[in-house]
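Structural overview for review
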Amino acid sequence: MANSSMGGARAKLRKYFRENLGNVVTSDDLRKEAGISEWARRVRELRDEEGMQILTHHDRDGLKPNEYLLETLALKPVIARGISPKLRRQILERNGFTCQACGAAPGDDAPCEPGKKVRLQIDHILPISQGGTDDEHNLRAVCVYYNKDKTNILKPASGQSISALAMIRKLPRNVQIEVYEHLRKKFGDGSGRRK
Ligand SMILES: [Zn+2]
């Protein structure tokens, strides 16, 4: 009973923010809309668990402390916060420390931010907002530059090459070098010359 009414409040607030896209709403509006005293926690969940880009005075100078603003329906990738460090490690190892969207590895040059290095985060394959869970089968590693709405800013990699890269990155360094040498002999050094 308590749970379903809390989920109901979150759904009401989600709908309210969408209907007021681009308009500043106040904490009074939100409290009234949610019908519960814990409305602020539900707003935090919409931001942190669903990736809604709800701005506050922390994000935007023009907003007062009791004002909130949703400017876009685009969702930010949600970092899975609820999962344990152990599960996080398990997902990273399973994915061979390879971004499952673009194939990048930690420490690679970032594809869209010159001078920055790729870092990996844990992503929900089916978003929490659509019923996804923190179950390991719903989790995967993606780089921090991956954005569900802007996948085209990353150099796309095929699923097969991502799996192959992930597999190779799990191997000891000397074996990785052997693989590299084989491919280098076959394809040259990339400049078209063969040795
Ligand atoms: Zn990536």
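Above this text is the structure in question.
Below, the structure is looked at part by part. (Residues numbered from 1 in each chain as written. Predicted model: local features only at pLDDT ≥ 70, side-chain atom pairs only at ≥ 80, totals over all residues.)

Digging into the overall build of the protein
What counts here: The helix and strand labels rest on DSSP assignments: H or I over at least four residues marks a helix, E over at least two residues marks a strand, and numbering proceeds from the N terminus. Burial in this document is a count-based property: other C-beta atoms within 10 Å of a residue's C-beta are tallied, and the residue is buried at 20 or more, exposed at 12 or fewer, or partly exposed in between, with C-beta positions derived from the backbone. C-beta atoms are placed from the backbone for every residue, and two residues are taken to be in contact when these atoms lie within 7 Å.
Helix and strand counts for the protein stand at 6 helices and 5 strands. N-terminal to C-terminal, the α/β element order of the protein is α-β-α-α-β-β-α-β-β-α-α. Of all 195 residues assigned to the protein, the portion counted as buried reaches 21%. Sequence-distant contacts, at least 24 apart, represent 61% of the contacts inside the protein between residues at least 6 apart.

Examining the sheet that holds strand β2 (residues 52-55)
For clarity, the threshold we go by: By the convention used here, strands pair only if DSSP detects at least 2 bridges between them. Only C-alpha atoms enter the line fits that serve as axes; for helices the fit covers just the stretch in contact. Angles between N-to-C directions range over 0 to 180 degrees.
Strand order in this open sheet of 3 strands is β1-β3-β2, and the pairing throughout is antiparallel. Looking at the sheet topology across the chains shown, the edges are occupied by β1 (24-26) and β2. The mean inter-strand angle of the sheet, taken between neighbouring strand axes irrespective of direction, is 35°. When β2 meets strand β3 (residues 67-75), the two strands line up antiparallel, connected through 3 bridges. Bridging from a neighbouring strand, Met 52 pairs with Leu 75 of β3. Each of β1 and β3 touches helix α2 (residues 27-34); the most contacted strand, β1, lies at about 70° to it. Running at roughly 130° to β2, helix α3 (residues 39-48) makes contact with β2 and β3 of the sheet.

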